[in-house]
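Topology and contacts: notes
The primary structure of each chain is shown beneath.
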Amino acid sequence: MPRCKNLLLTSKRRKSKSIKQKLIHREPESLFPERVLKEEEEEDEGGFKLKIETPSCEHGVQPLGNLYFSPSSVNVRNTGLGNLQILTDELLLDILGLLDATDLGILATVTKSFYIFANHEPLWRNLVLDKLKGEFLFNGLWKSTYVAAYHPKFHFSGADESNLKIRDFYSDYLFQSWLCANVEMKPKWLQRDNIIRVRGISVEEFITKFEEPNKPVLLEGCLNDWPAIEKWSRDYLTKVVGGVEFAVGPVDMKLETYFRYSDRVREERPLYLFDPKFAEKVPILDLEYDVPVYFREDLFGVLGKERPDYRWIIIGPSGSGSSFHIDPNSTSAWNAVITGSKKWVLFPPDVIPPGVHPSPDGAEVACPVSIIEWFMNFYDDTKSWKKKPIECICKAGEVMFVPNGWWHLVINLEESIAITQNYVSRRNLLNVLEFLKKPNAKELVSGTTDRVNLHEKFKKAIEGAYPGTIKELEKKAEEAKRAEEQRVSFWDSAKADAFKFSF
Ligand SMILES: O=C(O)CCC(=O)C(=O)O
């Protein structure tokens, strides 16, 4: 995962999972899958609707299933790759990712197949980010952005060059990549709303009903006095931040440059602005929001400047977001939407979301699919599960409470600006200490450079600032554990007695 907050997540490219059959049962002559998708959508709610003004699939690439309806039965993908045809598309693209722009350009002239692979936009995105860092003027396509930066006098011959159609090229991988960049969220993915919403509850009620039992909740009406709610428009932010650069994936970018990109982007995983130092960089932003009353206890504060990263400004276009992860260092979090809206899907700590594969030591999480592909391929799996995920749409002015250990995925339904903070309170202090003490803390702990010593430093600072607190919490936890064991054994014996009586 490119964002620093989500170091637990190593995002891997999807395995090419077969595209839903319905996409491929089409007339052989239909070379433009998107037209067919639009027609199918009307009558079959299992189809996908494309965003308006979706360009046809890059260079006319079709899903592999279409090959079976092709009169020629030739896949130009293979004939044009020679001996390399045995490689999977992913592997081939990984190899092409080692080439520089000139070699890619040359390769694109070799065969139709190489033309398609060497023009694959994510390869050019990597080249742009690698070479130009955040200093690029995105013009809608990564390749032409790259070329414009290095050869300003060169002009693409317009749409023709960037969208040359190749007949009889079939690839699920490339087709899926285009589909994911252009598909609309289905209404049924947005419908489920089973989160508890509260307004104006007391801090005590929040603690007993949600924080203590570690349950998510959506808090309404607690941002009313934030100046940010009134002020943080695009124009205002661009003006107050001036030339300051923010963290966007692997690079730093000026806000203006980022908005230029996000206005034109159409990709499966849009770059996301996620900056942990925004308040230090632009102190006025710090003055325009306030920690909601429920989250004022902030025990990592005892570490002063040595505390791990804990607050972020988040900005992203529709379709951007965070794929499944658990928040760092066993902290809980709140996420306040200032403009826009976000769809949330959350699973409790004991339920691993479908399609997600954490390593046994928890140091890595492989989530092979993008957010949108997760909805396409895994969302429906949870329909029959007893433990359903918690879902909702969090709108401007609302705050999500994300309890520690919960898996969550978030997708922006429109351009959104949000603030999130991760925190430690007495309710999760023991969890956090236990997490920091793990033998593989070096891999697990994030948001700080001194990962190994964080446990000792934090424990010592808490003991200094709040003497006796850790002991007291440990005693309480021990009592709660004993009470739970007694409750379980009472029911076990009651069940055993009932069993005896029934004979
Ligand atoms: O994209 C978002 O707003 C969610 C961020 C998130 O999940 C996180 O900060 O842990």
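Residues numbered from 1 in each chain as written. Predicted model: local features only at pLDDT ≥ 70, side-chain atom pairs only at ≥ 80, totals over all residues.

1. What to know about the overall build of the protein
- A tally of helices and strands in the protein yields 21 helices and 16 strands.
- When burial is assessed residue by residue, the protein has 36% of its 503 residues classed as buried. (Helix = DSSP H or I, 4+ residues; strand = E, 2+ residues; numbered from the N terminus. Buried ≥ 20, exposed ≤ 12 C-beta atoms within 10 Å, placed from the backbone.)

2. Quick look at the site of the ligand
- Neighbouring the ligand are 12 residues; Ile314, Gly321, Ser322, Val410 and Thr420 lie closest to it.
- Mapped by element, the contributors of at least two residues to the shell around the ligand are β8 (321-325), β9 (332-339), β15 (407-412) and β16 (416-423).
- Considering only residue class, the shell around the ligand consists of 4 nonpolar, 5 polar and 3 charged. (Near = placed C-beta within 6 Å. Nonpolar A, V, L, I, M, F, W, Y, C, P; charged D, E, K, R; others polar.)

3. Concerning the packing of helix α13 (residues 234-241) against helix α14 (residues 255-264)
- Closest axis-to-axis distance for the α13/α14 pair is 9 Å, and the angle between their directions is 145 degrees. Along the contact surface, α13 presents Arg234, Leu237, Thr238 and Val241, while α14 presents Leu255, Glu256 and Phe259.
- Along the lines of polarity and charge, the residues of the contact of α13 with α14 split into 4 nonpolar, 1 polar and 2 charged. (Axes fitted to C-alpha atoms, helices over the stretch in contact; angles between N-to-C directions. Contact = placed C-beta atoms within 7 Å.)

4. Some thoughts on the sheet that holds β8
- Strand order in the open sheet made by the 4 strands is β8-β15-β10-β13, with antiparallel pairing throughout. A single partner strand is all that each edge strand has here, and the edge strands are β8 and β13 (390-395). Looking at each pair of strands side by side, their axes are set apart by 20 degrees on average, direction ignored.
- One ladder, built from 3 bridges, connects β8 with β15; its direction is antiparallel. Bridging from a neighbouring strand, His325 pairs with His408 of β15. (Pairing = 2+ DSSP bridges.)

5. Structural notes on helix α7 (residues 142-150)
- Within α7 the residues assigned to the buried category are Trp142, Lys143, Thr145 and Tyr146. Down the axis of α7, the buried side of the element spans an arc of 165 degrees, and every buried residue falls inside it.
- As for α7, its buried residues are in contact with α4 (101-107) and α6 (121-132). (Arc of directions from axis to C-beta.)

6. Considerations on the pairing of strand β5 (residues 251-254)
- Of the two faces of β5, only one is covered, namely that formed by Val251 and Met253; the face formed by Asp252 and Lys254 stays uncovered.
- Sheet topology places strand β4 (residues 245-248) next to β5; 4 bridges connect them, and they run antiparallel. Across the sheet, the residue bridging to Ala247 is Asp252, located in β5.

7. Observations regarding the nonpolar core
- Ranked by size, the top nonpolar core spans 111 residues in total, and within it Val248, Leu273 and Ile338 carry the most contacts.
- Broken down by element, this core gets its largest block of residues, 7 residues, from helix α9 (residues 172-182).
- Apart from residues no more than four positions distant in its own chain, Ile338 is found in contact with Ala228, Ile229, Trp232, Ala396, Ile417, Ala418 and Ile419. (Core = buried A, V, L, I, M, F, W, Y, C linked by C-beta atoms within 7 Å.)

8. Let's talk about the environment of Ile314
- Examined against the element boundaries, Ile314 turns out to sit in strand β7 (residues 311-316).
- When the C-alpha atoms of Ile314 and Val248 are compared, they prove to be 9.5 Å apart, with 66 residues separating the residues in sequence.
- Those residues in contact with Ile314, other than ones at most four positions away along the chain, are Leu273, Phe274, Ala418 and Thr420.

9. A short note on the confidence of the model for the protein
- Overall, the predicted model of the protein reaches an average pLDDT of 87, with 87% of residues at or above 70.
- In the model, residues 6-44 has pLDDT below 50 throughout and makes 77 contacts with residues more than four positions away in sequence or in other chains. (pLDDT = per-residue confidence, 0-100.)

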